[in-house]
Amino acid sequence: MTQWLPLLGSLPVAAAVLAGVIVNNRTHREGIAAADERGRQALDAAQRHVELSNMVGDQRDHEAWRREAVLAAVAAILETSASVRADLTSCGEWDLVTAEEIDGVGAQIHKVIWDRPTAMLTRLRVVAHRRIPNKCEDLLRTLTAAQHITMQRLKLHIDPEATVEELEEMASLWQKAMRHAAEQERALVETTRAELGIDIPTKGTAVQPVPAPAPPVAEPQVEAAAEEPAAEEPEQPEQVEQPEVPAAEQTAQLRLADAAEDPADPRQAEPAKV
């Protein structure tokens, strides 16, 4: 019986070791599972970030393409409008003498108005807000009306039965149509800028001119003279008052002086011999 005592004593130790190993393995498995979950979450976040970046880039490219398409279509329609208005403005220089010639020119202008801009209108209806294609269509219809008025005006000029009142009325309608077309061009430009976010200041900031340097002002000489000490003037020697000489003595002195200045006479210089 005693020989089984060591074996029985080692059983609790083995059980404790086995329990520790099982607990340790469970802890390791939980740590590995947590690490795997964190890695999966990090991978999902990175994938979402990449997808979001790609989406932003695609949206930016799409917006750039849309802006270019809108600008190209609107510029083409404005170019056509400017060309048609220039042609209608110079209608007085056309050498048309028959109604058939006038109708032929009108058909050509009508084709120019609606040939290429029609495709541009279709593109604008797809890529732009409906305000822009509506403005473009209004502009083209106004140009068409101006073209018809111009043709009628030319026909009145070659009609011998046309009156002055009819010519003046047609000229007034023509001017209104051309002015309305120019206004619609400006409205189309403003609408396009508003949709595309193009901000152009109407009035530039006035630059203040740099003032010219003021010329140096000379300081008055009086102040300089006042600041400098006055130069001392040399003192004049005091004149000693001489005593007054009587008139008789003065006369005698003058005579003696005249006698000294005159050349001496040798006969008077020698003393008389006795």
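If you're wondering where the values come from, they're calculated on a predicted model, not measured in any experiment. Every residue gets a number counted from 1 within its own chain, in the order that chain's sequence is written. Since the coordinates come from a predicted model, pLDDT governs what is reported: local features require at least 70, and pairs of side-chain atoms require 80 or more to be given and counted, while whole-chain, interface and lining totals use all residues. Excluding hydrogens and water, the side-chain values take into account all heavy atoms of the structure.

Quick notes on the environment of Gln147
Moving on, step 1. Along the chain, Gln147 falls in helix 4 (residues 131–158).
Moving on, step 2. With a relative accessible area of 3%, Gln147 lands in the buried category.
Moving on, step 3. Sequence separation between Gln147 and His110 is 37 residues; the distance between their C-alpha atoms is 7.4 Å.
Moving on, step 4. Sequence-distant contacts of Gln147, defined by excluding residues within four places in its chain, comprise Leu88, Gly106, Ile109, His110 and Ile113. In this description a helix means any DSSP run of H or I spanning at least four residues, a strand means any run of E spanning at least two, and both kinds are numbered starting from the N terminus. Exposed residues in this analysis have more than 50% of their type's maximum accessible area, buried residues have under 20%, and partly exposed residues fall in between, with area computed by a 1.4 Å probe over protein chains only. Residue contacts are defined here by distance: any two heavy atoms, one from each residue, within 4.5 Å place the two residues in contact.

A look at the packing of helix 3 (residues 116–127) against helix 4
Moving on, step 1. Between N-to-C directions, angles span 0 to 180 degrees; the directions come from axes that are lines fitted to C-alpha atoms, helices contributing only their stretch in contact. For the pair helix 3 and helix 4, the least separation of the axes is 9 Å and the interaxial angle reads 160 degrees. Between helix 3 and helix 4, the interaxial angle falls into the category roughly antiparallel. For the crossing formed where helix 3 meets helix 4, the hand is left-handed. Of the residues in helix 4, those touching helix 3 at Pro117, Leu121, Leu124 and Arg125 are Ile132, Pro133, Asn134, Cys136, Glu137 and Leu140. An angle below 35 degrees is read as roughly parallel, one above 145 as roughly antiparallel, one from 65 to 115 as roughly perpendicular, and any other as oblique. Each helix crossing is assigned a hand: it is left-handed if the near helix lies turned anticlockwise from the far helix by less than a right angle, otherwise right-handed if that turn is clockwise.

Quick notes on the nonpolar core
Moving on, step 1. Residues enter a nonpolar core if they are buried and are Ala, Val, Leu, Ile, Met, Phe, Trp, Tyr or Cys, with the set joined through side-chain atoms within 4.5 Å. Judged by nonpolar contacts, the single largest core of 37 residues is most densely connected at Val70, Ile77, Leu124 and Ile132.
Moving on, step 2. The set of elements that each furnish at least two residues to this core consists of helix 1 (5–89), helix 2 (99–114), helix 3, helix 4 and helix 5 (164–196).
Moving on, step 3. The leading source of residues in this core is helix 4, at 10 residues.
Moving on, step 4. Those residues within four positions of Ile77 in sequence are excluded, and the remaining contacts are Pro117, Met120, Leu121, Leu124, Cys136, Leu139 and Leu140.

Regarding the side chain of Gln184
Moving on, step 1. Looking at where Gln184 falls in the secondary structure, it is placed in helix 5.
Moving on, step 2. Using a relative accessible area of 15% as the deciding quantity, one classes Gln184 as buried.
Moving on, step 3. The contact partners of Gln184, leaving out residues within four places of it in the chain, are Asp138, Leu139 and Thr142.

Re a negative patch on the surface
Moving on, step 1. The patches described consist of residues with a relative accessible area above 30% and no salt bridge, like charges being joined within 9 Å and nonpolar side chains (Val, Leu, Ile, Met, Phe, Trp, Tyr) within 5 Å. Every accessible area reported is derived by Shrake-Rupley at a probe size of 1.4 Å, with residue values counting cover from the shown protein chains alone. The rule for a salt bridge is simple: a side-chain nitrogen of Lys or Arg has to be within 4 Å of a carboxyl oxygen of Asp or Glu. Residues scored as positive are Lys and Arg, those scored as negative are Asp and Glu, and His as well as the terminal groups of each chain are ignored. By convention, charge coordinates are those of NZ in Lys, CZ in Arg, CG in Asp, or CD in Glu. Taken together, the side chains of Asp159, Glu161, Glu165, Glu166, Glu168 and Glu169 present a region of like negative charge at the surface.
Moving on, step 2. Topologically, Glu165 is positioned in helix 5.
Moving on, step 3. For Glu165, a relative accessible area of 56% translates into the label exposed.

Section: the packing of helix 2 against helix 4
What describes two packed helices is the angle between their axes and the distance between those same axes.
Moving on, step 1. Close contact between helix 2 and helix 4 brings their axes to 10 Å; oriented N to C, the two are set at 170 degrees. In terms of axis orientation, helix 2 runs roughly antiparallel to helix 4. Between helix 2, through Ala99, Ile102, Asp103, Gly106, Ile109, His110, Ile113 and Trp114, and helix 4, the contact on the second element is made entirely by Leu140, Arg141, Leu143, Thr144, Gln147, Met151, Leu154, Lys155 and Ile158.
Moving on, step 2. Amino acids outside the nonpolar list (Ala, Val, Leu, Ile, Met, Phe, Trp, Tyr, Cys, Pro) and the charged list (Asp, Glu, Lys, Arg) are all regarded as polar, and Gly is one of them. Tallied by class, residues from the contact of helix 2 with helix 4 come to 10 nonpolar, four polar and three charged.

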